[in-house]
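# Structural overview for review
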Amino acid sequence: MQGVWLMARASLTRHLLLSLLVLTFTLLVFLPVWLQASTVIYGEKGDPLSTLAIFWWFWYHRATGLPLDPNPFLGAPEGVPIKLGYAPLPLLAYWLSATVGEVMAYNLIVLVSFPLAALTMYHLAWYLTRQHTAAVLAGLAFAFLPYHQGIARAHFGLAQVQWLPWLVLALLQLAEGLTFPRLSFLGVCLALNALVDYHYALFGALVAALFLVGMLVSRPARHRLLARRPVRWEYLLPALLALGLAAVVTIAPYLALRAGRNELPPSLWRRPLTQLYQYSARPWEYLLPPPTHGLFGSLTASFFQSHDHRSFLHEQSLYLGYIVLGLAALGWVWLGLERRPGWWLLPGVGVMGFLFSLPPFWELGTLRIPLPAAFLYELVPFMRSYSRFGVLVGLAAVALAGVGLAWLLVRLDHRPRWRIMVLVLTSGGLLLEFFPYPLPIVDVTDAPPVYRWLAQQPGDLVAEYPLVRSDEPGYYDYYPWVRIHHKRLVNGAPLGSPQEADRIQMQDPADPRAVALLAGRSVRYILLHLDRFPPGRRPSCAVDGLALVAQFGETVVCAVEGVQVHTPE
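A brief report on the enclosed structure follows. This one's a predicted model, so the numbers in the text were calculated from it and none came from an experiment.

We now examine helix 20 (residues 372-379). Buried within helix 20 we find A373, A374, L376 and Y377. Seen along its axis, helix 20 keeps its buried residues to an arc of 165°; they face one direction. The inward-facing, buried residues of helix 20 abut helix 11 (198-217), helix 15 (273-278), helix 19 (345-357), strand 2 (361-364) and strand 3 (367-370).

As structure tokens, this is what we get:
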């Protein structure tokens, strides 16, 4: 008995040490960010800066004692409602921002997803292989999967891929038989994925459905699931209840969107079918390094440019790497030969993710063949970026690659030189294929001069032109700099709100009625970003009710007459 205890303790110690190694390595990769974590963020301009401004409002609200809801800095003067909801990620963002500041909070949430992703994939790969070396390399490969690197550049919620390997692990354990701990663990994993992003709620539900169908179709699997040991209902019923609650949490984001359907503009509730083509994956994106790749991006940039389907590069970063694909093929064969419980789940997840990531229809001459996305579109019409299913392809490929590497290492157990060579080649190949440098870093203190000037002026209402909708990319260039100038923006009203109707009337700054509406709202300044207007249609301050105050390059500042302003010296 003592020997068993010592073996268990040694195994646990090894797990902890390897987990610490994985955590340390992934944290060190981002050392350039950690050294400036209060002034730069990991990511790119656009969505991350807009998210950062929301984090800043969390901090500012706590620092000033202003009510949290609504956010007065958008859609002024009414403000924009804040909906933290039940999800822990916004609540975590709120607490961290108020505690350590918005920039550090953003970096923590995004960057910690990398070591956690490595850790959970390590657990899954070790369960499949009982081989620590293969599991560690699989964990690091999943952490730095181009999908993860790319999506973390733009979406802090979608960066939280770390709970998906645990979901697959929970299902594989359940394939060995129903028990209270296994069902409870599955419920926790479903809930964790649902609580970080509704995309992962959907992915988790589809993976669980695939598992259930596979277990029911296969008689041996069904027998193993239900009859391997006597079912103790006094333990099973509470677990089923917990699993049911997790299922409710999983579909809650979808139910919430359904409930608020009438409050959403039609363009948001039911995305145009053209967007499904635009933001879906193409097969070559799984086989070619994206242009953002630190080593090989320059070799593929022209191909991506010539095959552009108007998506975003961070959405097209689906490269799996040839080392992973080769090892995954070996792993698929080995699992198939062993016929372990649930051996088909990982290949099934990979194939399902690939098919769902493709455009909704396959055009073959005059023949139009529907693909899975066409059917899913009827169920979740508000989802537009089907390329995000690529994370399931990456998860399956990396886990199978871990199995394939373990198979190689076992067969080379008595040939240490060959074993070392395989490890060196695999590690070096993964490093080259998933090379994370140069890190995408944005200095969030580097505000355009006009906003630093604006911070010194009196008044607190500003309108920036073009007065684009709150879901258009141009808007994301306005809101982040509220952190610098602390003025309330007319911009940013939610689609479908009364302020949106006013925006339509005010979008032409040369229209006297628009100027009158601005004056009625006590707007002191309007900023005209001339380079964002079509040539020949650039506005100026030479309009009744406006006066030129300053110009910073392509940005002109106009004062609304009748509203007291300060003229700079």
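Alright, that's what it looks like, and here's the rest.
Tracing the backbone shows G520 in helix 26 (residues 512-520). Taking C-alpha positions, G520 is 9.7 Å from G562, a pair spaced 42 residues apart along the chain.

Taken as a whole and assessed by the stated rule, the structure comprises one disulfide. In this model C541 forms its disulfide with C558; the gap between the sulfur atoms is 1.8 Å. Looking along the S-S bond of the C541-C558 disulfide, the torsion reads about -80°, which is the left-handed sense. On the criterion of sequence distance, the pair formed by C541 in the loop between strand 7 (525-529) and strand 8 (546-552) and C558 in strand 9 (residues 555-560) is long-range, its members being 17 residues apart.

This part takes up the sheet that holds strand 7. With mixed pairing, five strands are arranged side by side in an open sheet as 6-5-7-9-8. Looking along the sheet, the strands with just one partner apiece sit at the ends: strand 6 (488-489) and strand 8. In the sheet, strand 8 pairs with strand 9 via six bridges, with the strands oriented antiparallel. Along strand 9, the bridge assignment pairs A550 with V557.

All right, on to the packing of helix 6 (residues 113-129) against helix 21 (residues 390-411) then. Contact geometry of helix 6 with helix 21 gives a least axis separation of 9 Å together with a crossing angle of 45°. The angle between helix 6 and helix 21 places the two elements in the oblique class. In the crossing of helix 6 with helix 21, the sense of the turn from one axis to the other is right-handed. In this structure, helix 6 uses M121, L124, L128 and T129 to contact helix 21, whose residues at the interface are L395, V398, A399, G402, V403 and A406.

Moving on, we come to unusual backbone geometry. Omega for the peptide link from A76 to P77 comes to 5°, which places this bond in the cis form. On the secondary structure map, P77 appears in the loop between helix 3 (47-64) and helix 4 (88-100). Residue P466 is reached from Y465 by a cis peptide bond, and omega for that bond is 5°. Secondary-structure assignment places P466 in the loop between strand 5 (461-465) and helix 24 (482-485). In the Ramachandran plot, H486 falls in the positive-phi region, its phi being about 60° despite a non-glycine side chain. A relative accessible area of 35% means that H486 is categorised as partly exposed. Here S522, not a glycine, exhibits a phi torsion of approximately 65°, which is positive. Locating S522 in the fold gives a position in the loop between helix 26 and strand 7.

Parameters at a glance
- Residues numbered from 1 in each chain as written.
- Predicted model: local features only at pLDDT ≥ 70, side-chain atom pairs only at ≥ 80, totals over all residues.
- Heavy atoms only, no water.
- Buried < 20%, exposed > 50% of the residue type's maximum accessible area, 1.4 Å probe, protein only.
- Helix = DSSP H or I, 4+ residues; strand = E, 2+ residues; numbered from the N terminus.
- Arc of directions from axis to C-beta.
- Contact = heavy atoms within 4.5 Å.
- Disulfide = S-S within 2.5 Å.
- Pairing = 2+ DSSP bridges.
- Axes fitted to C-alpha atoms, helices over the stretch in contact; angles between N-to-C directions.
- Parallel < 35°, antiparallel > 145°, perpendicular 65-115°, else oblique.
- Left-handed = near helix turned anticlockwise from the far one by under 90°.

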